[in-house]
Amino acid sequence: MCGIVGIACLEIENIGKMIRRCLERLEYRGYDSAGIAVIKNGTLIVRKGRGKIAELNKRLKFDEIYGKVGIGHTRWATHGKPSDENAHPHTDCRDMIAVVHNGIISNYLELREKLESTGHVFRSETDTEVIAHLVEEHLRPGSEPLDAFRMAVSELCGTYAIGLITVLDPSKIFFARMTSPLIIGVGEGMNMIASDIPAVLEYTNRVIVLKDGEIGYITPTEIYIEREGRPVSWKERVRVISWSVDMASKGGYPHFMLKEIHEQPLALSNTLSGIEMENIRNICSLLAKSDRIFITGAGTSYHAGLVCDYVLTELAGADVTTFIASEYRKYINAVDERSVLIAISQSGETIDTLMAVRAFKERGCRVIAVSNVVDSTIPRESDMVVYTRAGPEIGVAATKTFTTQIMVLTIMSLTLAYMIERLREAEYRELIRQIRELPTVTESIIRMHEARCMILARYMKNRANAFYLGRGLGVPIAMEGALKLKEIAYIHAEAYPAGESKHGPIALVERDFPVFFVVLDDYYVEAIVGNVMEMRARDAYTIALAPRKYIYKFAKLCDYVIDMPNIDYRIAPIPYIVPLQLVAYYTSVMRGLDPDKPRNLAKTVTVE
Ligand code: M6R
């Protein structure tokens, strides 16, 4: 996790301010401490500390640092607690080198011991600091900093995206990538490195996504990349990104999360128009030929996988296994060349999902990626890709990337069912027609229900626990609703199939305990009515999201109802999650929290 930035410009600029602004766009990656290092008149200026970037800027005056070359970091602590000393950049003994790093150096203890035995003095508890001392160690009189950097990197084990500057070669920013994401922003009279695309958008929309094992440097006018000691040509790898800087700013909303919830109609419509049916049909042919389909992802992406699992199994009769990415090992012996893995990751960089992809590929399994970030690692390492077109998602809580993932996965599942003649043409067309209406449907749900969700949040803000129950496709939506409340409002929330209540969880229910019911399938209405009654009998506070046609039924039974459109249950997961996102958002805000930056979390999890 953590975000890194480096900027090299031709003229002296207000570089501290430029780096600070870029870091703010990466703050979703970590926000417990931050820092900047700049080379000015041959000396290194380092300012860093514990806290969020805006507070630190007031205290440490990042905006008042001028120079041509600098690096910055926003941290999510792994090795060493959040503190001024552990904040990046880290320096060598003689303050000639400064380094920022995202990832984990797994052999740092051995390296540190070795370096300490030769006299190096460490100032932090981090794994990162070894990089600065290692480069210092390899810098012999007359040797090139690039050679020293190369030698240092060759001794590192683990995951890393590194940015390094040294007063001995002050126009360069050295970089290296292994597993942790890193891009180069290609500008005019300036070049940049960053952990993610939104960081550079204010200055350039031309980027190169670096690959594992690549190292090199940028200057204001030069880009040098090498791999296994040989220079790599990069000009043909420059991508022009269609995201604008406005897409990565709050645009008048108090939080990114609220903006991103409101952007869902647009994100859905962009995803819809970006889908290439030829690609979907090719993917479906692969799925149709496979013996077994696996689906994986983490957090919200796993929940999108569960939606896909349900539709593929029920409608296409496929043999589907969906698992949380970090638990892939259990399935390894069941995988072969006739298996297909659908790997879902909005960022395309989640390490757990990437590890599952690599392990499955080694067994000959074909991999289909669903991602929101073009050229990110998981799509690059997969055989086929479908991109969602949600635009950059900055809030830590996934919202628009979830609904667009489900849209893509549902179209894929329906198309497979149609291709293998499990779904009649008329029904397929009707379902696709309903999908096309989702941007409008979602927009009207936000318009009609935002105020009601706020009222509900007033109730939720004083609660310590909540249950989210559903049946069928309502289960993954209940799980996602509970995750949203947990991660941004810090309220303990549990989701499970409603039928499980009587097998244990109902023991926790007492007066005013909130229980959400996700009712989206006619088949389960009566069973859920029974579950509501059971909860009412224990004085729970019951809330139902139910289709308009059943709303009177549920209004008579429940304390609070949110009426949802009468649409096919296989399409319903997309609109149904929206009110649950809004309830979580307003509950978080009413509890005085920052929903964009929940404690202990980072947007992209690049450590196992
Ligand atoms: O980038 P990915 O989709 O692979 O991320 C997976 C999870 O880390 C992510 O969905 C996480 O659970 C979100 N914070 C949920 O809101």
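About the cut-offs
Residues numbered from 1 in each chain as written. Predicted model: local features only at pLDDT ≥ 70, side-chain atom pairs only at ≥ 80, totals over all residues. Heavy atoms only, no water. Helix = DSSP H or I, 4+ residues; strand = E, 2+ residues; numbered from the N terminus. Rg over C-alpha atoms; globule rule 2.2 N^0.38 Å. Buried < 20%, exposed > 50% of the residue type's maximum accessible area, 1.4 Å probe, protein only. Contact = heavy atoms within 4.5 Å. Areas by Shrake-Rupley, 256 points an atom, 1.4 Å probe, with all protein chains shown as cover. Lys, Arg positive; Asp, Glu negative; His and termini not counted. Charge placed at Lys NZ, Arg CZ, Asp CG, Glu CD. Pairing = 2+ DSSP bridges. Near = heavy atom within 4 Å. Polar contact = N/O pair within 3.5 Å; in protein donor to acceptor, adjacent residues only side chain to side chain. Nonpolar A, V, L, I, M, F, W, Y, C, P; charged D, E, K, R; others polar. Phe/Tyr/Trp six-rings, centres within 6.5 Å; stacked < 30°, edge-to-face > 60°. Lys NZ or Arg CZ within 6 Å of the ring centre and 35° of its normal. Axes fitted to C-alpha atoms, helices over the stretch in contact; angles between N-to-C directions. Left-handed = near helix turned anticlockwise from the far one by under 90°. Domains from an automatic or database assignment. Buried area = accessible area lost by both parts, 1.4 Å probe. Salt bridge = Lys/Arg side-chain N within 4 Å of Asp/Glu carboxyl O. Core = buried A, V, L, I, M, F, W, Y, C linked by side-chain atoms within 4.5 Å.

Along the chain, the regular secondary structure elements total 18 helices and 25 strands. Computed over its C-alpha atoms, the radius of gyration of the chain comes to 25 Å, within 12% of the 25 Å expected for a compact globule of 608 residues. Counting only C-alpha atoms, the chain reaches 80 × 50 × 45 Å along its principal axes. Relative to its 608 residues, the chain shows a buried fraction of 63%. Considering only contacts in the chain between residues 6 or more positions apart, those separated by 24 or more positions represent 73%. Carbon and sulfur atoms make up 49% of the accessible area of the chain, which amounts to about 22,800 Å² in all. Distance from the positive charge centre (72 side chains) to the negative charge centre (76 side chains) of the chain: 3 Å.

Burial runs high along strand E6 (residues 97-105): 8 of the 9 residues are buried. Examined bridge by bridge, strand E5 (residues 90-91) and E6 share 2 bridges and lie antiparallel to one another. Bridge pairing in E6 places His-90 opposite Val-99. Where E5 folds back on E6, the antiparallel hairpin that results is connected by 5 residues, among which Asp-95 adopts a positive phi of roughly 55°.

Further remarks concern the site of the ligand. The immediate surroundings of the ligand are formed by 14 residues, with Ser-301, Ser-345, Ser-347, Thr-350 and Glu-487 found nearest. Between Ser-301 and the ligand, the recorded distance is 2.6 Å, taken from a side-chain N or O atom to an oxygen atom. Against a free-state accessible area of 410 Å², the protein chains account for coverage of 91% of the ligand. Looking at the shell around the ligand, the elements that each hand over two or more residues are helix H9 (299-316) and helix H15 (474-489). Its residues placed into classes, the shell around the ligand shows 5 nonpolar, 7 polar and 2 charged.

Tallied over the entire structure, the rule returns 15 aromatic pairs. Both rings, one in Phe-467 and one in Phe-513, keep their centres 4.7 Å apart while their planes meet at 50°; by these two values the pair is tilted. With Phe-467 in strand E21 (residues 465-470) and Phe-513 in the loop between strand E22 (492-497) and strand E23 (514-518), this residue pair connects regions lying 46 residues apart in the sequence. Assigned by exposure class, Phe-467 and Phe-513 land together as buried. A centroid spacing of 4.9 Å and a plane angle of 85° characterise the contact between Tyr-523 and Tyr-524, whose relative ring orientation is edge-to-face. With relative accessibility at 66%, the residue Tyr-523 sits in the exposed group. Ring pairs connect the aromatic residues Phe-149, Phe-174, Tyr-217 and Tyr-224, which therefore count as one cluster. Seen from the ring of Tyr-217, Lys-172 lies directly overhead, with NZ or CZ sitting 4.7 Å from the centre.

Turning our attention to the sheet that holds strand E20 (residues 384-387). Here 5 strands make up an open sheet; going across it, the order is E17-E16-E18-E19-E20 and the pairing parallel. Looking at the sheet topology across the chains shown, the edges are occupied by strand E17 (320-324) and E20. Each adjacent strand pair in this sheet contributes to an overall mean axis angle of 20°, direction not counted. Bridge count between strand E18 (residues 339-345) and strand E19 (residues 366-371): 6 bridges; the pairing is parallel. Looking across to E19, one finds that Leu-341 is bridged to Val-367.

Direction vectors running N to C along helix H14 (residues 438-460) and helix H18 (residues 573-590) enclose 35°, while the axes themselves pass 8 Å from each other. The handedness of the crossing between H14 and H18 is right-handed. On H18, the residues touching Leu-438, Val-441, Thr-442, Ile-445, Ile-446, Glu-450, Cys-453, Met-454, Leu-456, Ala-457, Arg-458 and Met-460 of H14 are Ile-574, Pro-575, Val-578, Pro-579, Leu-582, Val-583, Tyr-586, Thr-587 and Met-590. Classifying every residue of the contact of H14 with H18 gives 17 nonpolar, 2 polar and 2 charged.

In this section: the domain arrangement of the chain. The figure often quoted for interface size is the accessible area lost as the parts come together. When the domains of the chain are assigned, the result is domain 1 (3-248), domain 2 (250-436) and domain 3 (449-595). Distance between the C-alpha centres of domain 1 and domain 2: 33 Å. Summed over both partners, the interface of domain 1 with domain 2 buries about 1,500 Å², with 59% contributed by carbon and sulfur atoms. The largest share of the area that domain 1 buries against domain 2 comes from Tyr-28, Trp-243 and Met-247, three residues that together contribute 32% of it. Run the count over domain 1 and domain 2 and you get 3 salt bridges. For Asp-212, the salt bridge goes to Arg-358, with nearest N and O atoms at 3.0 Å. Where domain 1 meets domain 2, there are 3 residue pairs in polar contact (both at pLDDT 80 or more). Per-class residue counts for the side of domain 1 that touches domain 2 are 10 nonpolar, 2 polar and 6 charged.

In a soluble, globular protein the nonpolar side chains are often hidden away together inside. In terms of nonpolar packing, the biggest core is built from 87 residues, with Ile-342 and Leu-414 touching the most fellow members. Structurally, this core is a two-domain feature, drawing no fewer than three residues from each of domain 2 (250-436) and domain 3 (449-595). In this view, Leu-414 contacts Val-311, Leu-315, Leu-423, Tyr-428, Leu-431, Ile-432, Ile-435 and Ile-571; residues no more than four positions away in its chain are not counted. Judged by nonpolar contacts, the second largest core, of 52 residues, contains Ala-98, Leu-139, Leu-182 and Ile-193.

With that settled, the discussion passes to the side chain of Glu-487. Positionally, Glu-487 belongs in helix H15. Side-chain polar atoms of Glu-487 contact the side chain of Lys-484, separated by 3.4 Å. When near neighbours in sequence (up to four residues on either side) are disregarded, Glu-487 contacts Val-396, Ala-397, Ala-398, Pro-598 and Leu-601.

Scanning all chains against the criterion turns up 37 salt bridges. Asp-63 is the partner of Arg-20 in a salt bridge, and the nearest nitrogen-oxygen pair spans 2.8 Å. Pair noted here: Arg-20 is in helix H1 (residues 15-24) and Asp-63 is in the loop between helix H2 (53-60) and strand E4 (67-75), with a separation of 43 residues, a long-range link. Across this residue pair, the class does not change: Arg-20 and Asp-63 are buried. A salt bridge links Lys-400 to Glu-263; its shortest N-O distance comes to 2.7 Å. Pair noted here: Lys-400 is in helix H12 (residues 400-419) and Glu-263 is in the loop between helix H6 (256-262) and helix H7 (264-274), with a separation of 137 residues, a long-range link. One exposure class covers both Lys-400 and Glu-263, and it is buried. Bridged by salt links that share partners, the residues Arg-177, Asp-212, Glu-349, Arg-358 and Glu-381 form one connected network.

With that settled, the discussion passes to the sheet that holds strand E15 (residues 239-240). In spatial order, the strands read E3-E2-E4-E1-E10-E9-E11-E15; together these 8 strands make up an open sheet with antiparallel pairing. The open sheet has two edge strands, strand E3 (43-50) and E15, and neither has a second partner. As paired elements, strand E9 (residues 183-186) and strand E10 (residues 190-194) share 4 bridges and run antiparallel to each other. Bridging across to E10, Ile-183 finds its partner in Ala-194. Relative to strand E1 (residues 3-13), H1 is tilted by about 150°, and along the sheet it contacts E1, strand E2 (33-40), E4 and E10. Strands in contact with H2 are E2, E3 and E4; relative to E3, the strand with the most contacts, it is inclined by about 130°.

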